[in-house]
Amino acid sequence: MRFHQYYPIDVVNGPGTRCVLFVSGCVHECRGCYNKSTWRLDSGKPFTQEDEDRIIADLQSTVIPRQGLTLSGGDPLHPQNLSAVRQLLLRVQAECPGKDVWMWTGYTLGELSAEQQEVVALINVLVDGKFVQELKDPALIWRGSSNQVIHYLR
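This one's a predicted model, so the numbers in the text were calculated from it and none came from an experiment. (Residues numbered from 1 in each chain as written. Predicted model: local features only at pLDDT ≥ 70, side-chain atom pairs only at ≥ 80, totals over all residues. Heavy atoms only, no water.)

**Examining the pairing of strand β2 (residues 18-23)**
Item 1. Of all six residues in β2, six are buried; the element is thus mostly enclosed.
Item 2. Side chains R18, V20 and F22 project from β2 onto one buried face, and the interleaved C19, L21 and V23 project onto a second face that is buried too.
Item 3. Both strand β1 (residues 2-10) and β2 contribute to a ladder of five bridges, which runs antiparallel. Each residue of the ladder has a partner; that of Q5, found in β2, is F22.
Item 4. Across five bridges, β2 lies against strand β4 (residues 68-72) in parallel orientation. Paired with R18 across the two strands is G68, which belongs to β4. (Buried < 20%, exposed > 50% of the residue type's maximum accessible area, 1.4 Å probe, protein only. Helix = DSSP H or I, 4+ residues; strand = E, 2+ residues; numbered from the N terminus. Pairing = 2+ DSSP bridges.)

Dropping the structure here:
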């Protein structure tokens, strides 16, 4: 997997203070996307063991407590991202008890493959659906367009 940006402290991409990882690779290519630079799978930089370790350490920090982790992109559920995202989520679950995980994807819950569903089973909240320029609504919380749905999974 590759990624574009990691923010160890963020208060915009989900509730509370969070760690946020923007991964590379998106097949949806939504018109009006604010993050087009993340579409290509070969863009950004490789996601290494050191990057994964840093996220875990940041989530465990007591100096600046985080509510959880946000995964966005690109698309964390792009088939080529699934293995690395799953590995990261398993570590968060095992090593960061009480932290929630939010994920944004262009896929809808009903479109997910079995492998994507296995990854989604490890998160708390999924915001799904492509961004639709004609349905853009700045008044929405956590969504860019009104077709997108927030699924509180656990």
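Here the narrative resumes.
**Thoughts on the side chain of S43**
Item 1. One can find S43 in the loop between β2 and β3 (45-46).
Item 2. Looking at S43, the relative accessible area reads 6%, which means it is buried.
Item 3. When residues no more than four places from it in sequence are discounted, the contact partners of S43 are R2, H4, S24, S37 and T38. (Contact = heavy atoms within 4.5 Å.)

**A closer look at the pattern of salt bridges**
Item 1. In total, this model carries six salt bridges according to the counting rule given.
Item 2. R18 is the partner of D100 in a salt bridge, and the nearest nitrogen-oxygen pair spans 2.7 Å. Here D100 is found in strand β5 (residues 100-104), whereas its partner R18 is found in strand β2, with 82 residues between them in sequence. Assigned by exposure class, D100 and R18 land together as buried. (Salt bridge = Lys/Arg side-chain N within 4 Å of Asp/Glu carboxyl O.)

**Things to note about the nonpolar core**
Generally speaking, a soluble globular protein has its nonpolar side chains buried in company with each other.
Item 1. Residues L21, L69, L71, L77, L88, L89 and M103 are the most contacted members of the largest nonpolar core, which totals 27 residues.
Item 2. Mapped by element, the contributors of at least two residues to this core are β1, β2, α1 (49-60), β4, α2 (82-95), β5 and α3 (114-120).
Item 3. For this core, the element with the most residues is α2, which contributes five residues. (Core = buried A, V, L, I, M, F, W, Y, C linked by side-chain atoms within 4.5 Å.)

**With respect to the sheet that holds β4**
Item 1. Reading across the sheet, the seven strands line up as β3-β1-β2-β4-β5-β6-β7 and stay open at both edges, with mixed pairing between neighbours. Only two strands of the sheet have a single partner each, and these edge strands are β3 and β7 (149-152).
Item 2. Where β5 meets strand β6 (residues 125-128), three bridges bridge the pair, whose relative direction is parallel. What sits directly across from M103, in β6, is L126.
Item 3. Of the strands in this sheet, β1, β2, β3 and β4 touch α1, which is tilted by about 15 degrees from β1.
Item 4. Strand contacts of α2: β2, β4 and β5, with the helix running at about 170 degrees to β4, the strand carrying the most contacts. (Axes fitted to C-alpha atoms, helices over the stretch in contact; angles between N-to-C directions.)

**As for α1**
Note that an α-helix has 3.6 residues per turn; residues three or four places apart therefore point the same way.
Item 1. In this model α1 runs 17 Å from its N-terminal to its C-terminal C-alpha over twelve residues, within 8% of the 16 Å that 1.5 Å per residue would give.
Item 2. Of all the positions in α1, only E52, I55, I56, D58 and L59 are classed as buried. For α1, the angular spread of buried residues about the axis comes to 165 degrees, placing them on one side.
Item 3. Structurally, α1 contributes buried residues whose contacts are with β1, β2, β4 and α2. (Expected span 1.5 Å × (residues − 1). Arc of directions from axis to C-beta.)

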